[in-house]
Amino acid sequence: MNDLHGKRILLGLTGGIACFKAAELCRSLVKAGAEVQVVMTEAAAQFITPVTMQALSGKAVYTSQWDAREGNNMAHINLSREADAILIAPASADFMAKLIHGKADELLSLTCLARPLQKVPLILAPAMNREMWAHPATQRNVAQLKADGTHVLDVGQGDQACGETGDGRMLEAEEIVEELQAFWTPKCLAGQHVLITAGPTYEAIDPVRGITNLSSGKMGFAIARAARHAGAQVTLVAGPVSLSTPRGVKRVDVRSAMQMNEAVQQLTANAQVFIAAAAVADWRPALAADQKIKKDGSGDTPELSFVENPDILASVAQTARAQSGALFCVGFAAESHDLLAHATAKRARKGVPLLVGNIGPSTFGQDDNALLLVDAQGAKEFPRDTKTKLAYDLIQDIAARLVKH
Ligand code: C5P
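Residues numbered from 1 in each chain as written. Predicted model: local features only at pLDDT ≥ 70, side-chain atom pairs only at ≥ 80, totals over all residues. Heavy atoms only, no water.

### Focus on the nonpolar core
Here's step 1: L189, I223, I275 and F332 are the most contacted members of the largest nonpolar core, which has 37 residues in total.
Here's step 2: Looking at this core, the elements that each hand over two or more residues are β8 (193–198), α10 (218–229), β11 (233–238), β13 (273–276), β16 (328–335), β17 (354–359), β18 (368–375) and α15 (387–404).
Here's step 3: In terms of residue count, α15 provides more of this core than any other element does, eight residues in total.
Here's step 4: Non-local contacts of I275, meaning those with residues more than four positions away in its chain, are made with V194, L195, I196, T197, I223, V330, F332, I395 and I398.
Here's step 5: By size, the runner-up hydrophobic cluster in this structure holds 33 residues, among which are L25, L29, A85 and I123. (Core = buried A, V, L, I, M, F, W, Y, C linked by side-chain atoms within 4.5 Å. Buried < 20%, exposed > 50% of the residue type's maximum accessible area, 1.4 Å probe, protein only. Helix = DSSP H or I, 4+ residues; strand = E, 2+ residues; numbered from the N terminus. Contact = heavy atoms within 4.5 Å.)

### Focus on the domain arrangement of the protein chain
Here's step 1: What the domain assignment reports for the protein chain is domain 1 (8–183) and domain 2 (193–283 + 307–404).
Here's step 2: Placing the centre of domain 1 and that of domain 2 at their C-alpha centroids yields a distance of 38 Å.
Here's step 3: The interface of domain 1 with domain 2 comprises seven residues on the first partner and four residues on the second.
Here's step 4: Both faces considered, domain 1 and domain 2 share a buried interface measuring about 520 Å² in area, 37% of it formed by carbon and sulfur atoms.
Here's step 5: With its nearest N and O atoms 2.7 Å apart, the salt bridge here joins E179 to R247.
Here's step 6: Counting across the interface, domain 1 meets domain 2 through four residue pairs in polar contact (both at pLDDT 80 or more). (Domains from an automatic or database assignment. Buried area = accessible area lost by both parts, 1.4 Å probe. Salt bridge = Lys/Arg side-chain N within 4 Å of Asp/Glu carboxyl O. Polar contact = N/O pair within 3.5 Å; in protein donor to acceptor, adjacent residues only side chain to side chain.)

### Points about the packing of aromatic side chains
Here's step 1: All chains considered together, the criterion is met by one aromatic pair.
Here's step 2: Ring plane angle 80 degrees and centroid distance 5.8 Å describe the contact between F183 and W184, whose orientation is recorded as edge-to-face.
Here's step 3: Directly above the ring of Y62 sits R69, whose terminal nitrogen or CZ lies 4.2 Å from the centroid. (Phe/Tyr/Trp six-rings, centres within 6.5 Å; stacked < 30°, edge-to-face > 60°. Lys NZ or Arg CZ within 6 Å of the ring centre and 35° of its normal.)

### Observations regarding the sheet that holds β16
Each strand in a sheet pairs with its neighbour through backbone hydrogen bonds, running either in the same direction (parallel) or in the opposite one (antiparallel).
Here's step 1: The strand order across the open sheet formed by eight strands is β12-β11-β8-β13-β16-β17-β18-β19, and the pairing between neighbours is mixed. Looking at the sheet topology across the chains shown, the edges are occupied by β12 (250–253) and β19 (378–386). Taking each pair of neighbouring strands and ignoring which way they run, the sheet shows an average axis angle of 20 degrees.
Here's step 2: Pairing of β18 with β19, which is carried by seven bridges, proceeds in the antiparallel orientation. Following the sheet pairing, D375 is matched in β19 by G378.
Here's step 3: Sheet strands in contact with helix α11 (residues 257–267) are β8, β11, β12 and β13, and its direction is about 160 degrees off that of β11.
Here's step 4: Of the strands in this sheet, β13, β16, β17, β18 and β19 are in contact with α15, which crosses β19 at around 150 degrees. (Pairing = 2+ DSSP bridges. Axes fitted to C-alpha atoms, helices over the stretch in contact; angles between N-to-C directions.)

### Here we look at the site of the ligand
Here's step 1: Within the structure, the ligand sits among A276, A278, V280, D282, P310, D311, I312, L313, G331, F332, K346 and K350.
Here's step 2: K350 has a polar side-chain atom sitting 3.0 Å from an oxygen atom of the ligand.
Here's step 3: Considering the ligand on its own, with 440 Å² of exposed area, one finds that the protein chains cover 87% of that surface.
Here's step 4: Among the elements of the structure, α12 (312–317), β16 and α14 (339–350) are those that each provide at least two residues to the shell around the ligand.
Here's step 5: Split by residue class, the shell around the ligand holds seven nonpolar, one polar and four charged. (Near = heavy atom within 4 Å. Areas by Shrake-Rupley, 256 points an atom, 1.4 Å probe, with all protein chains shown as cover. Nonpolar A, V, L, I, M, F, W, Y, C, P; charged D, E, K, R; others polar.)

### Examining the pattern of salt bridges
Here's step 1: Tallied over the entire structure, the rule returns 23 salt bridges.
Here's step 2: A salt bridge links R130 to E131; the shortest N-O distance between them is 3.8 Å.
Here's step 3: For R130, a relative accessible area of 31% puts it in the partly exposed group.
Here's step 4: For R225, the salt bridge identified is with E178, shortest N-O distance 2.8 Å. Here R225 is found in helix α10, whereas its partner E178 is found in helix α9 (residues 173–183), with 47 residues between them in sequence.

### Description of unusual backbone geometry
Here's step 1: For the bond from A89 to P90, the omega torsion is 5 degrees, close enough to zero to count as cis.
Here's step 2: Along the polypeptide, P90 turns up in strand β3 (residues 85–91).
Here's step 3: Even without being a glycine, N73 presents a positive backbone phi close to 55 degrees.
Here's step 4: Relative to the elements of secondary structure, N73 occurs in the loop between α3 (50–57) and α4 (75–81).
Here's step 5: Of note, D338 is a non-glycine position whose phi angle comes to about 45 degrees, a positive value.

### What to know about the sheet that holds β3
Here's step 1: Read from one edge to the other, the open sheet built from five strands follows the order β2-β1-β3-β4-β5, with strand pairing classed as parallel. Of all the strands in the sheet, just β2 (35–40) and β5 (151–152) have a single pairing partner and so form its edges.
Here's step 2: Sheet topology note: the strand β4 (residues 122–126)/β5 ladder contains two bridges and is parallel. Bridging from a neighbouring strand, L124 pairs with V152 of β5.
Here's step 3: Of the strands in this sheet, β1 (8–13) and β2 touch α3, which is tilted by about 170 degrees from β2.

### What to know about the pairing of β18
Here's step 1: Most of β18 is tucked away, with six of its eight residues classed as buried.
Here's step 2: Of the strand pairs in this sheet, β17 and β18 are connected by three bridges, and their pairing is antiparallel. Directly across from V356, in β18, lies its bridge partner L373.
Here's step 3: Linkage of β18 to β19, two consecutive antiparallel strands, is achieved through a turn of two residues.

### Re the state of the cysteines
Here's step 1: For the coordinates displayed, the defined rule picks out zero disulfides.
Here's step 2: Not part of a disulfide, C26 finds its nearest cysteine sulfur in C19, a span of 12 Å.
Here's step 3: Free of any disulfide, C162 has its nearest cysteine sulfur in C19, 15 Å distant.
Here's step 4: For C162, a relative accessible area of 47% gives the class partly exposed. (Disulfide = S-S within 2.5 Å.)

So, in structure tokens, the structure goes:
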């Protein structure tokens, strides 16, 4: 995943034990394609060395406003103009208190104050003991920082280095990277509620066996993440997959097509967009045995008979909200050949305005895919790319359709 490509991030470290996580964060930012310039306060250097941060960022670290490396000796001006964002992680209680007063008695706070407000966003990842975080002074400072236009990230909850447990941990590196990626995504779905199905379903034969399919859920999860980054409220109804929930997405786990159907029917009432990316089993065993079906040694095989599952997408597409345009429905088609013909026919059969075709065998379980978007006007291709990138493109495309209809 490379979606911070070309972003220049000034990573500021202030004093706190969470500085140990800043090393991982720096690495993750670089891995995501960002160019990272580290600035550390004197207190931060008590917790982690500039040597470590230099090695991980690939750039000499700044720690002093008197750094003679700068020709004009104005490190605070130069650094703040060379950044697309300033990210302070960890942001200590003390540093936040300084920021609200516009104090500028060392390089990092000086750089924050000197930054062009409209061009260089300031993002804070607070980290401190739970009592310090809960203190009215800190909460007052957070409110003031937000009022001043600073983007203050949430804190994590759990065990703290001091031995206490509660709110105040710095978010993990991957969560902060995720927040930055979301930060830079245009909010084309702000105020919308998007409901997504993803993954396979599992249809039990008996308590230990069942039928399922090779869908990994990766495309649906990537779409949920992209929709969230685009500002939507997202609910993801997931079949049995081993994927972690995208940050900020509400996940409802189901196993069978019947359970998925029940969950979806309840959740569509509040949604403006329904994206059916799940590979729902067409049939389920007519009777799931209560006990494991035993091999009896006779050579006889069990008689299995099947009944058809409800078509979740087609039934949602028939509802009054979908028919009136209040709920925009998007279907998927996983085909093995003749994608355009099958996707076109499926769009008509399901009664949806947009159907997204892909070649099942060449995408199931993979991190990349190619999409064919079929609507009433015709078809267009999204050529092979990562599912992450395709999901962003698809969400933008859907958002543009919402504006039109
Ligand atoms: O008919 P087919 O399974 O190929 O249709 C695929 C599309 O319909 C996908 O969007 C899938 O999520 C949806 N679907 C559904 N309920 C089913 C079968 C498919 O929602 N029972």
